[in-house]
Protein chains: 2
Amino acid sequence: MCQLLGLNANTPTDIAFSFTGLAERATEHKDGFGIAFFEGPGLRCFVDDRSARDSPVAEMVKRFPVRSEHIVAHIRKATQGRVALQNTHPFVRELWGRYWVFAHNGDLKGFCPKLHAAFRPVGETDSERAFCWLMQELAKNHARLPDVPALTDTLRELAAPIAKHGSFNFLMSHGDALWAHASTSLHWLVREHPFGAARLQDADVTVDFAQHTTPSDRVALIATEPLTRDEPWQAIAPGELIAFAQGRPL
Amino acid sequence: MCQLLGLNANTPTDIAFSFTGLAERATEHKDGFGIAFFEGPGLRCFVDDRSARDSPVAEMVKRFPVRSEHIVAHIRKATQGRVALQNTHPFVRELWGRYWVFAHNGDLKGFCPKLHAAFRPVGETDSERAFCWLMQELAKNHARLPDVPALTDTLRELAAPIAKHGSFNFLMSHGDALWAHASTSLHWLVREHPFGAARLQDADVTVDFAQHTTPSDRVALIATEPLTRDEPWQAIAPGELIAFAQGRPL
């Protein structure tokens, strides 16, 4: 299985601390990694088919403090599709003049939907197939970009039939909101004033967020497993889809 | 105006030497840069809205020897669209289950085609608009991915009406071939056995390619202006479109 990490904030925020924790888990999840940062509607998406522990791209991500309100990261342990760049999450497509990113943790069996429209997989994963179908069906359901509550309703309807095929934990964003759907394991946390210190689960690193924030900052983090030891992470229930915007669940 | 750099090779090749020369030109062309590398159908695309001279992403590209058979790079001097990530070339879309990348040097006046299909610009540039129209019309002209000669014929027909709107030098690739269209300035060169040494126009750097190649290697380079002083660069004629594959023009 893979590991997901998402960030949604009310102000551009860097993810270096959390990404460092995620990258520590890349000993087991060694089949590539990717991270996508929105800056307004613009997008940076870094992918590598090497492990996040020794990839020069991951090294740059840890040192280069990209600040963003919407971040989706993934480290991969291949279940379907070989280790190759085209099978590395997050996947990106354009719809309604916006970029959409998608990363999946899980394994879908026998999900081979009709892809008759403008979205086709480039690689061989069940994940990219699911994303292409979500994009196709979103495009069918709405003539133009709907607001976040309407998108949330549609995504909730679309996720359910896919989830019947196996485990379908995913993160998705178009730069205005970040959606998290749980099937087996996904946890979230809001950091806000008064900020304290937190210690990574997987590395001997502690950050005192009070030193790096202003009282109005608010950040939601979503991860496969809690990334820190001393914060109140909550599990997302199986089948639940949560939309995050402005650093909190809607 | 911007600067383009393309590479097409018959074996995965790194572009560090040529990219170093291009980045030197980023004093004037300071409004962002981007570089896309195909690895089979997979794609890495690095973009930054900072200058290639001081971007940490550019620094990583210079040091991390990504080897690829198809590379498209661009440094930007903004003419249309503000300095922002969504206006940074190369642009990427998916069609027929393949990624397509596009970078443009020039300025199109009054090119506002009907974009009624699945490809919409995210940013505000004439360049991304032209790319979306090319993708839309390619999709209309062919039901599935055609071979490179057929794509070349279609692209030649489609480029002509766009080029009437101004200067339209572009590079485009889908990982099987690289197309170069000239309108005002684009030059190309093939490096093959016997390899010699070359000195960058813009920096005091010399490489002896004989030390880094095997006799069967062949590399085509395409650039707005010749990048080296002592090699036989050829100009592409205005209105001409050349398809490169296996390190040479078809």
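The structure we're discussing is the one just above.
In this report, we go over the structure that sits alongside the text.

Thresholds, definitions, all that
Residues numbered from 1 in each chain as written. Chains lettered and ligands numbered in written order. Predicted model: local features only at pLDDT ≥ 70, side-chain atom pairs only at ≥ 80, totals over all residues. Heavy atoms only, no water. Contact = heavy atoms within 4.5 Å. Buried area = accessible area lost by both parts, 1.4 Å probe. Salt bridge = Lys/Arg side-chain N within 4 Å of Asp/Glu carboxyl O. Polar contact = N/O pair within 3.5 Å; in protein donor to acceptor, adjacent residues only side chain to side chain. Helix = DSSP H or I, 4+ residues; strand = E, 2+ residues; numbered from the N terminus. 1 Å grid on protein atoms, 1.4 Å probe; cavity = no way out; pocket = protein on both sides within 12 Å on 5 of 7 lines; lining within 4 Å. Points joined across faces, edges and corners; volume = space filled by probe spheres on them.

Some points on the interface of chain B and chain A
Here's step 1: If you look at the interface, chain B gives 31 residues, while chain A gives 31 residues.
Here's step 2: For the pair chain B and chain A, the two sides together bury roughly 2400 Å², of which 60% comes from carbon and sulfur.
Here's step 3: Of all residues in chain B, the largest losses of buried area upon contact with chain A belong to Leu85(B), Glu94(B) and Val122(B), amounting jointly to 22% of the total for that side.
Here's step 4: Across the contact surface, chain B and chain A share six salt bridges.
Here's step 5: Arg93(B) is the partner of Glu94(A) in a salt bridge, and the nearest nitrogen-oxygen pair spans 3.2 Å.
Here's step 6: At the boundary of chain B and chain A, one finds ten residue pairs in polar contact (both at pLDDT 80 or more).
Here's step 7: Taken together, the elements giving at least two residues each to the side of chain B that touches chain A come down to β3 (42-48), α2 (56-63), β5 (91-95) and β6 (98-108) of chain B.
Here's step 8: Sorting elements by how many residues they give to the side of chain B that touches chain A places β3(B) first, with seven residues.

With respect to the layout of surface pockets
The probe, sized like a water molecule, is rolled over the atoms to show the empty space still left.
Here's step 1: There is about 460 Å³ of room inside the largest pocket.
Here's step 2: If you trace the largest pocket, you find 25 residues lining it, with Ala117(A), Ala118(A), Ala117(B), Ala118(B) and Phe119(B) closest to the centre.
Here's step 3: Counting residues per element, the ones that place at least two in the lining of the largest pocket are β5 (91-95) of chain A together with β5 and α3 (126-141) of chain B.
Here's step 4: If one sorts the elements of the lining of the largest pocket by residue count, α3(B) sits on top with three residues.

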